[in-house]
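# Examining the three-dimensional arrangement
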Amino acid sequence: MIPAIFGLSGLTLTDDERAFFRDSDPAGYILFGRNIANREQLRRLTDELRAIDGRADLPILIDQEGGRVARMKSPEWPDFPSGATFDALYERAPASAIEAARLNAMALAAMLTEVGINVDCLPLLDVRQPGASEVIGDRALGSEPMRVAALGRAILGGLQDGGVVGIVKHIPGHGRALLDTHEALPVVTASDRELQTDLAPFAALRDAAMAMTCHVIFEAWDPDRPATLSPVIIDSVIRQRVGFHGLLLSDDLDMKALSGDVPSRAAAAVAAGCDIALNCWGRMNDMVGIANALDPISTVSRARLEGAMDRISGATGGRAFATLVDQRDALLAVA
C-alpha cells in the first residue's frame, strides 16, 4: 500500500485506472462531482473500487459539508445546511444547536453509506476571523473556539454513529488566511499567543480519527514552509502541542498554494510527517508520479489508518434518514 489517496477521472473507471489502482494499491480514494450522477451509478463505482482493493473497510472520501461545499447535489440528493446555520442556532439555544449538528451528521452518514462512502471531510474546526478570506466563511462553525469544538464533536459523533469517519480540518487552522489556498499561498503573521485561539478546537478534539492539514504559512512557527510541508509544525504543533495522534492527511496537493510538481509535493508532505498524501484530480501522470515518489506506507501510518476505520466497524446506522432530517429541522426552526 502507498500512502496516497487518489481521485478518479469520471463516472466509471477507465481501463488504465483499473490497472493502475490494482498495481499501486493506494490507501483510499476521494470522489468529486465529476464522479457522481445518481445513486445506482455511485454505488457501482464504490463497489468496483472495493472489489479491486479487496478491503471491505477501504476509505472512500468525499467533501460533503453542506452549504456551498457538496459533491452529491440536488435533485438527486437533498441540500444540507452550512456550518454557519448551527452557529446561529447556538446563539439562542446551545444544546439544541449541538443536537441539530449531531442529527445533521447522522443524516449525512445515512446518505453516504447508502452509496458506499465511509469518510467525510467534515467538520471544519477553523475559527472564523474577521477580514479573512471567504474560502472558509460560512463553512465555519463560528468564531468562538469552544463553540466550534462543541459543534465539531457533535458532528464527529453523528457521523461515526452512522458509519462514517469524520476528518477535522484544516489543522492547525485556516481561519486567519487572507487568501484562498486554491489560488495562492497565505501567510499568517499572528503571534504564537494569538494562534492559541486557532489551536483550541483541534486540541479539544485531539482524539479525532483523522485530520487534514492546511497549506498556510504561520510565521510564528515556520516562516518558510506551509503547514502541510513543515516538519516543525507537524511534529511540534500538531503532534505535540495539540496532541493529535490520529491519521494526518495533507490537503489537496494540486492547490496553487504549493509549488513544484505534484509528485514532489506528495513526497515532501509525507517526509514532513503527513501519513497520507491527498491528490484529488485523477490525472494519471500525476498519480503515477506520486506512486513512484512514495515508499510503502509506514507501519505507524498504517496502524493509524486501520485504527481510524475500526471506529465505524460496529456502526448500525439507527434512525431513518427522513426522521433525522425532520428532527434536525424542528431544532433549526428555533433560529
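Scroll up to find the structure this text is about.
Everything quoted here is computed from the prediction, not taken from an experiment.

This paragraph deals with the packing of aromatic side chains. On inspection of all chains with the given rule, the structure shows seven aromatic pairs. Note on phenylalanine 32 and tryptophan 281: the rings are 6.0 Å apart at their centroids and 20° apart in plane angle, and the pair reads as stacked. With a gap of 249 residues between them, phenylalanine 32 in the loop between strand E2 (26-31) and helix H2 (39-53) and tryptophan 281 in the loop between strand E12 (277-279) and helix H9 (284-293) connect regions that are remote in the sequence. What makes tryptophan 281 partly exposed here is its relative accessible area of 40%. Taken together, the ring pairs connect Phe6, Phe20, Phe21 and Tyr29 into an aromatic cluster. In this structure, arginine 328 packs its charged tip against the face of phenylalanine 80, placed 5.4 Å from the ring centre.

Bringing unusual backbone geometry into the picture now. Here serine 74 and proline 75 are connected by a cis peptide whose omega angle stands at 10°. Locating proline 75 in the fold gives a position in the loop between strand E5 (69-70) and helix H3 (83-92). Residue leucine 122 is joined to proline 123 through a cis peptide bond whose omega torsion reads 15°. With respect to the element layout, proline 123 can be found in the loop between strand E6 (119-120) and helix H5 (145-161).

With respect to the helices and strands, the residue histidine 245 is situated in the loop between helix H7 (231-242) and strand E11 (247-249). On the accessibility criterion, histidine 245 (52% relative accessible area) is exposed. Among all residues touching histidine 245, those that are not within four sequence positions of it are Arg206, Arg239 and Arg304. At a separation of 3.4 Å, a polar atom in the side chain of histidine 245 contacts the main-chain carbonyl oxygen of arginine 239.

Once that is clear, we can look at H2. If you check H2, its first and last C-alpha atoms are 21 Å apart, about what 15 residues at 1.5 Å a residue would give, namely 21 Å. Those residues of H2 that fall on the buried side of the exposure criterion are Gln41, Leu42, Leu45, Thr46, Leu49, Arg50, Ile52 and Asp53. Contact partners of the buried residues in H2: helix H1 (15-24), E2 and strand E3 (60-62). Positive backbone phi, approximately 85°, marks glycine 54, located one or two places after H2.

Our focus in this paragraph is the pairing of E2. For E2, the tally of buried residues reaches six of six residues, placing the bulk of the element in the interior. Alignment of strand E1 (residues 2-6) against E2, held across three bridges, turns out to be parallel. Opposite isoleucine 5, over in E2, you have glycine 28 as the bridge partner. Read from E1 through H1 to E2, the crossover connection turns out right-handed. Where E2 meets E3, three bridges bridge the pair, whose relative direction is parallel.

Reading the values: rules and limits
Residues numbered from 1 in each chain as written. Predicted model: local features only at pLDDT ≥ 70, side-chain atom pairs only at ≥ 80, totals over all residues. Heavy atoms only, no water. Phe/Tyr/Trp six-rings, centres within 6.5 Å; stacked < 30°, edge-to-face > 60°. Helix = DSSP H or I, 4+ residues; strand = E, 2+ residues; numbered from the N terminus. Buried < 20%, exposed > 50% of the residue type's maximum accessible area, 1.4 Å probe, protein only. Lys NZ or Arg CZ within 6 Å of the ring centre and 35° of its normal. Contact = heavy atoms within 4.5 Å. Polar contact = N/O pair within 3.5 Å; in protein donor to acceptor, adjacent residues only side chain to side chain. Expected span 1.5 Å × (residues − 1). Pairing = 2+ DSSP bridges. Right-handed = clockwise from strand over helix to strand, strands pointing away.

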